[in-house]
Amino acid sequence: MKIYSVFLCILLSGFASVIFLNGCGEKKKSQAELALGSWSQEKDRAHILLNINPKGEWNSSVKIPEAGSRVVKTSGKAKGVWNIDKNQMIFTVMESDIDDVWIKGGTVSYDIVGLTGNRIQLKDESGAVMVFSGAGMEKEAGLALSVPMAPVVVNISKAKSNDKDRYLCLKMSLILKELMPGQKSPVVHPKVHDAIIIFLSSLVYDDVKDFHGIEVQSQRLVNILNPHMEGTIKKIAVENVILTAEIDKVDEFMIAQALPTGPAPEKGKGAKDGKKEEKSSH
């Protein structure tokens, strides 16, 4: 009798464990949850992007690659609201300048043929099936990428032989143009760093004495670097800049860049500080 009781306890414990594990299992996602994220469909040479958010809104755009380049251009956009009802995905188009894809003011319903975390299959009224591939709730396709660069310090050129030595200290990032969905950004070419040093070293005080000058030279630098980056650089974001004649200020700048990253400095603050230090060095 005692052996039977022990066996019964073990058996009941096993059932309880199974029930507990099943109860704690991962909750199955609904169709609406699986639909959220960024999706793309390739049609001819173009990519139709579809971004679906949990607020019941969607937006779409058509991207066309430039010939012989990784860069893409947007040929049109649309947006509206969406919902899922009885295995149908319904899109209402609020705005559109791509009527061949989304007709403004229209409502279109698609039967859901398949819906997973990385694939949507929708069938229209004619029976044609559209397939969108995607990355669930990952970052929206087509967003510009930022490539941080190591801090740069150069001794700028002198307009006159008796001018004092001045140092330009920069922390910047390369902001890339849009790429096709799933396309990786190009690797920073080793010549990029060398080109930055050569270009910045050729500048004189009047070129970089204020933030407007820094912005102008940054755009010139984009044109110099793009041949090494397959034309993908959109602009250069200057995060911090100091122009000084004091080597101690250069050391402080490099130490500050080595510290954990904090809030980004206000636009123009670094240039203003650099100008102030330059004046104080006279």
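Residues numbered from 1 in each chain as written. Predicted model: local features only at pLDDT ≥ 70, side-chain atom pairs only at ≥ 80, totals over all residues. Heavy atoms only, no water.

Participant: Sorry, what's going on with the overall build of the chain here?
Facilitator: When you go through the chain residue by residue, the secondary structure sums to seven helices and twelve strands. Counting over 282 residues, the chain shows a buried share of 34%. Summed over its atoms, the accessible surface of the chain is roughly 17200 Å², and 55% of this surface lies on carbon and sulfur atoms. (Helix = DSSP H or I, 4+ residues; strand = E, 2+ residues; numbered from the N terminus. Buried < 20%, exposed > 50% of the residue type's maximum accessible area, 1.4 Å probe, protein only. Areas by Shrake-Rupley, 256 points an atom, 1.4 Å probe, with all protein chains shown as cover.)

Participant: Teacher, can you tell me more about the confidence of the model for the chain here?
Facilitator: Predicted coordinates in regions of low pLDDT should not be interpreted in detail. Overall, the predicted model of the chain reaches an average pLDDT of 77, with 73% of residues at or above 70. Here residues 14–23 is a poorly scored stretch, pLDDT under 50, and it has zero contacts once near neighbours within four places are set aside; other chains count. Taken together, the stretch residues 261–282 has pLDDT below 50 and engages in 31 contacts with residues farther than four places along the chain or on a different chain. (pLDDT = per-residue confidence, 0-100. Contact = heavy atoms within 4.5 Å.)

Participant: Quick question: what am I supposed to make of the pairing of strand β3 (residues 57–65) here?
Facilitator: As a general feature of sheets, a regular strand has side chains that alternate between the two faces. Inspection of the sheet shows strand β2 (residues 46–52) paired to β3 by six bridges, in the antiparallel sense. Bridge pairing in β3 places H47 opposite K63. Once β2 ends, the chain turns through four residues before running back antiparallel as β3, passing G56 with a positive phi of about 85°. (Pairing = 2+ DSSP bridges.)

Participant: Explanation requested: the packing of aromatic side chains in the structure shown.
Facilitator: Aromatic ring pairs: the centre-centre distance and the angle between the two ring planes describe each pair. The tally for this structure, following the rule as stated, stands at four aromatic pairs. Seen from their ring centres, F91 and W102 are 5.4 Å apart, and the 55° between their planes marks the pair as tilted. Here W102 lies in the loop between β5 (88–96) and β6 (107–116) and F91 lies in strand β5, a separation of eleven residues in the sequence. In this structure F91 comes out as buried when scored by relative accessible area, which is 1%. For W102, a relative accessible area of 5% corresponds to the buried category. On the basis of an interplanar angle of 70° and a centroid distance of 6.1 Å, the ring pair of F91 and Y110 is categorised as edge-to-face. Separated by 19 residues along the polypeptide, F91 in strand β5 and Y110 in strand β6 bring together distant segments of the chain. Members of the aromatic cluster, each reached through a chain of ring pairs, are W58, F91, W102 and Y110. The aromatic ring of Y205 is capped on one face by R166, whose charged end is 4.3 Å from the ring centroid. (Phe/Tyr/Trp six-rings, centres within 6.5 Å; stacked < 30°, edge-to-face > 60°. Lys NZ or Arg CZ within 6 Å of the ring centre and 35° of its normal.)

Participant: Help me understand the environment of C169, please; the structure alone is not making it clear to me.
Facilitator: Take C169: it is sitting in strand β11 (residues 167–176). Among the residues examined, C169 registers a relative accessible area of 0% and is labelled buried. If sequence neighbours within four positions are ignored, C169 has contacts with V152, V153, N240, V241, I242, V250 and F253.

Participant: Please explain helix α3 (residues 190–201) as it appears in this structure.
Facilitator: Every buried residue belonging to α3 is among V192, A195, I196, F199 and L200, and all of these are buried. Looking down the long axis of α3, one finds its buried residues gathered within 120° of arc, a one-sided arrangement. Across α3 from its buried face, at more than 90 degrees, point the exposed residues P190 and I198. Tucked into the core, α3 has its buried residues touching β10 (152–155), β11 and α5 (211–225). (Arc of directions from axis to C-beta.)

Participant: Would you mind showing me how to read the pattern of salt bridges here?
Facilitator: Any two side chains of opposite charge can pair, on the condition that their charged atoms come close. In total, this model carries four salt bridges according to the counting rule given. Between D165 and K158 there is a salt bridge; the shortest N-O distance is 3.1 Å. Under the relative-accessibility criterion, K158 is labelled partly exposed at 40%. (Salt bridge = Lys/Arg side-chain N within 4 Å of Asp/Glu carboxyl O.)

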